[in-house]
Amino acid sequence: MLSTKWLQLAVLAVLIALLPLLFPSGYYYRIGALIFVNALAVTGLVILVGWAGQISLGHAGFAGIGAYACALAPEHLGLHPALAVLLGAGISAALAALIGRPILRLKGYYLGVATLGFGILVTMVLTNERVWTGGPDGMSVAELGLRDLLRDMGVRISGGVFWYWFCGLVLLIGAWFALNLYDSATGRALRALHGSEVAASTIGIDVPKLKLQAFVISAVYASVAGSLLALQNRFITPDVAGFMHSIEMVTMAVLGGVGSVFGAIFGAVILTLLPQVLTVFAEYEQLVLGAVMILVMIFLPRGLLPSIAARLKRKSS
Amino acid sequence: MESLLQFLFSGLTVGAVYALVALGFTIISNASDVVNFAQGEFVMLGGMITVFAHEAGVPLALAAVLAILLTAAVGVALNKLAIEPARGAPVVSVIIITIGASILIRGASQLIFDKQLHRLPSFSGDAPIRIGGATLLPQSLWVIGGALVVFVALWLFFTRTLTGKAVLATANNRLAAQLVGINTRAIMTLSFALSAAIGALAGVLATPITLVSYDVGVALALKGFAAAMLGGMGNPKGALVGGLLLGLFEALTAGYISSQYKEAVAFIVILAVLFAMPQGLFGAKSTERV
């Protein structure tokens, strides 16, 4: 008997593996990879927002750190891009631990504005330190080099295809880690503090420490997602850390259903595809995006996936 | 000394705009505990509608009144169509709804108006007033005066009128307010209309100095929100002082440290205030109900 965790992971793996059969052109691999990167960042937010019940309107700041680590470290420190991903994740984790301690004492809207402030500060540094980051015009990013390694082994694949599989693999690992966390004692404690912080602390849960853990973990997810984005686009601008990107991430999570990894991935799929579909009506893009956000929150407050699942269940019974 | 005075003047002018946006936040949060991220779009609408009505030949004063009324209607529509149906939703959902509304309003204005920068003529000419070696634009006096008038009016409204007290009662305990016969739905509608009207007024007053385009709302909403937080959410006095302080911090940083990082310092100050006194400068201490 397979546990739900392995079942979920198997479904995800099969979907990732079979999806390319439907791709009419190489361009779709790029979009697929973009979906996986967004889904990875959003999985981190599921842990923070969905399970621990904390808000962040500044997580793109960590994505920015991850992205610029991959752009700057190979150039200035001579570090291999793969190690730069780890360096970015390390810096993000350290920073999250540092600012998380005071920030996470705040609640609701106050926590929102504090995280938002953090995100804006990161964007400002990236925009203003032209000498290092190239300012608002962005900068180019070194090649990861993994594709050359594959070529030496006799496997020749295009960039789009490579990034599709690579990001899909990283997403699987990310989802596996998140699902493991959900079932662990830490995961249960996180969900307990979401229910009631006071109740959680009376049964001996170290609430501040746990919130901080969730914050740090979700920061690492966002940072790695930012790194992957930088490495596959080979170019990066401060927009990756911007306010709108933070909002996009939270919206993806809540739209799909912030309580579950699968819901969040679903949200990432929808919100990554929406602008692609709407490019034909570029003028109406913002109008439609805003309307979708409002309508889903009003009519499907638990998010798309849980609401759809509940409806199906009601029909079958 | 002269440059300090100059920085103070420009800080107070910008700060008065932030204060007006923060006062708008205050009204809605007083009635409903909702923080409306679309508040900045009200300012944008106020400026844009006035500009386009004025260009179409409507006298400036009439165009301003029209803009304020139309924006108030947009505020009421926002409450009726998006906030009221989502009553009881978690904070994250409400944040996404109001951010969605702000994106929607921005998208619509970009279609209805255009993407250009617009300006309005100053209300009382452009001849700068010289004070102690520094100069002050007459329009700055309009902006600062506007913020003060709105503040006094709101303060009287919340402390001296029955309707104002009903707004406070609604925020404090919705059910109890209903029990004593307050029409809480009407109160919510009123708050959104008032808040949008004040935002639009800020847009009308500031456009001759700061110009307006369809996308100025986000930055203003963030600054106004930050100002409201700095002063203490829900308190008109806090909104006014928070807004003016934020404007001054920005102007002084731009003048003495770095104009690139003026907005960064504003957010650093806010983070510091939130850490040291999470309720803001004038916010009431609250204890959590278990």
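A quick note: this is a predicted structure, and the numbers were derived from the prediction, not measured.

(A) Fine view of the overall build of chain A. Within chain A one finds 15 helices and two strands. The C-alpha radius of gyration computed for chain A amounts to 19 Å, which stays within 12% of the reference 20 Å derived for 317 residues, consistent with globular compactness. Over its C-alpha atoms, taken along the principal directions, chain A stretches across nearly 55 × 45 × 45 Å. Looking at chain A as a whole, 49% of its 317 residues are labelled buried. Put simply, of all contacts in chain A between residues at least 6 apart along the chain, 77% involve residues at least 24 apart.

(B) Broad picture of the environment of P238 of chain A. All names here are of chain A. Within the secondary structure, P238 sits in the loop between β2 (235–236) and α12 (243–256). Considered as a pair, P238 and T133 are 105 residues apart in the sequence and their alpha carbons are 8.5 Å apart. Setting aside its immediate chain neighbours within four residues, P238 contacts G64, T123, L126, T127 and P136.

(C) A look at the packing of helix α1 (residues 4–18) of chain A against helix α8 (residues 159–183) of chain A. Residues and elements named next belong to chain A. Look at α1 against α8: their axes get within 10 Å of each other, and the N-to-C directions meet at 165°. The angle between α1 and α8 places the two elements in the roughly antiparallel class. Both α1 and α8 take part in a crossing whose hand is right-handed. Only G168, L172, A175, W176, L179 and D183 of α8 make contact with α1, whose side of the interface consists of K5, Q8, L9, L12, A13 and I16.

(D) Here's a closer look at the nonpolar core. Judged by nonpolar contacts, the single largest core of 206 residues is most densely connected at V46 and A253 of chain A together with A19, L20, L23 and A226 of chain B. The element best represented in this core is helix α2 (residues 27–51) of chain A, accounting for 16 residues. Apart from the residues lying within four places of it in its own chain, the contact partners of V46 of chain A are W51, A178, A253, V258, V261 and A264 of chain A.

(E) How the structure looks around the interface of chain A and chain B. With 34 residues of chain A at the contact, the number on the chain B side is 36 residues. Considering each element in turn, the side of chain A that touches chain B owes the most residues, eleven residues, to helix α5 (residues 108–128) of chain A. In terms of residue class, the side of chain A that touches chain B is built from 25 nonpolar, seven polar and two charged.

(F) Local environment of helix α13 (residues 261–278) of chain A. Compared with an ideal rise of 1.5 Å per residue, which puts 18 residues at 26 Å, α13 of chain A spans 26 Å between its outermost C-alpha atoms and is within 8% of the ideal. Looking at α13 of chain A, one finds that the buried residues are V261, F262, G263, A264, I265, F266, G267, A268, V269 and L271 of chain A.

(G) Representation of the packing of helix α3 (residues 60–76) of chain A against α5 of chain A within the structure. Residue and element names in this part refer to chain A. Between α3 and α5, the shortest axis-to-axis distance is 8 Å and the interhelical angle comes to 30°. In terms of their interaxial angle, α3 and α5 are classed as roughly parallel. From α3, A60, G61, G64, I65 and Y68 reach across to α5, where they touch F118, G119, V122, T123 and L126. Grouping the amino acids of the contact of α3 with α5 by side-chain chemistry returns six nonpolar, four polar and no charged.

(H) Spatial organisation of the confidence of the model for chain A. In this model, chain A carries a mean pLDDT of 87, and residues with pLDDT of at least 70 account for 99%. Ranking the elements of chain A by mean pLDDT puts helix α7 (residues 146–152) of chain A last, at 78, and helix α11 (residues 207–233) of chain A first, at 94.

(I) Quick look at unusual backbone geometry. Positive phi values are uncommon outside glycine, yet R234 of chain A reaches one of about 60°. R234 of chain A sits in the partly exposed class, given 14 other C-beta atoms within 10 Å. Despite not being glycine, L211 of chain B shows a phi value in the positive range, around 65°. Along the chain, L211 of chain B falls in the loop between α8 (184–210) and α9 (217–231). C-beta crowding within 10 Å serves as the criterion here: with 15 such atoms nearby, L211 of chain B is assigned to the partly exposed category.

(J) The arrangement of the confidence of the model for chain B in detail. For chain B, per-residue confidence averages 88 on the pLDDT scale, and residues scoring 70 or more make up 97% of the total. Predicted complex metrics record ipTM = 0.85 and pTM = 0.87.

(K) Spatial organisation of helix α14 (residues 285–299) of chain A. Taking 1.5 Å of rise per residue, 15 residues should cover 21 Å, and α14 of chain A covers 21 Å from first to last C-alpha, within 8% of that figure. Looking only at α14 of chain A, the buried set comprises Q286, L287, L289, G290, M293, I294, V296 and M297 of chain A. On its buried side, α14 of chain A packs onto α12, α13 and α15 (304–316) of chain A together with α3 (60–83) and α4 (91–112) of chain B.

(L) Spatial organisation of the environment of T210 of chain B. Residue and element names in this part refer to chain B. You can see T210 is positioned in helix α8. Judged by the 18 C-beta atoms lying within 10 Å of it, T210 is partly exposed. Considered as a pair, T210 and V14 are 196 residues apart in the sequence and their alpha carbons are 8.9 Å apart.

(M) Spotlight on the environment of N38 of chain A. Residues and elements named next belong to chain A. Relative to the helices and strands, N38 is located in helix α2. In this structure N38 comes out as buried when scored by C-beta crowding, with 26 C-beta atoms within 10 Å. Taking the C-alpha atoms as reference points, N38 and L271, 233 residues apart in sequence, are found 9.3 Å from one another. For N38, the contacting residues outside a window of four places in its chain are M252, A268 and T272.

Each value, and the rule that gives it
- Residues numbered from 1 in each chain as written.
- Chains lettered and ligands numbered in written order.
- Predicted model: local features only at pLDDT ≥ 70, side-chain atom pairs only at ≥ 80, totals over all residues.
- Helix = DSSP H or I, 4+ residues; strand = E, 2+ residues; numbered from the N terminus.
- Rg over C-alpha atoms; globule rule 2.2 N^0.38 Å.
- Buried ≥ 20, exposed ≤ 12 C-beta atoms within 10 Å, placed from the backbone.
- Contact = placed C-beta atoms within 7 Å.
- Axes fitted to C-alpha atoms, helices over the stretch in contact; angles between N-to-C directions.
- Parallel < 35°, antiparallel > 145°, perpendicular 65-115°, else oblique.
- Left-handed = near helix turned anticlockwise from the far one by under 90°.
- Core = buried A, V, L, I, M, F, W, Y, C linked by C-beta atoms within 7 Å.
- Nonpolar A, V, L, I, M, F, W, Y, C, P; charged D, E, K, R; others polar.
- Expected span 1.5 Å × (residues − 1).
- pLDDT = per-residue confidence, 0-100.

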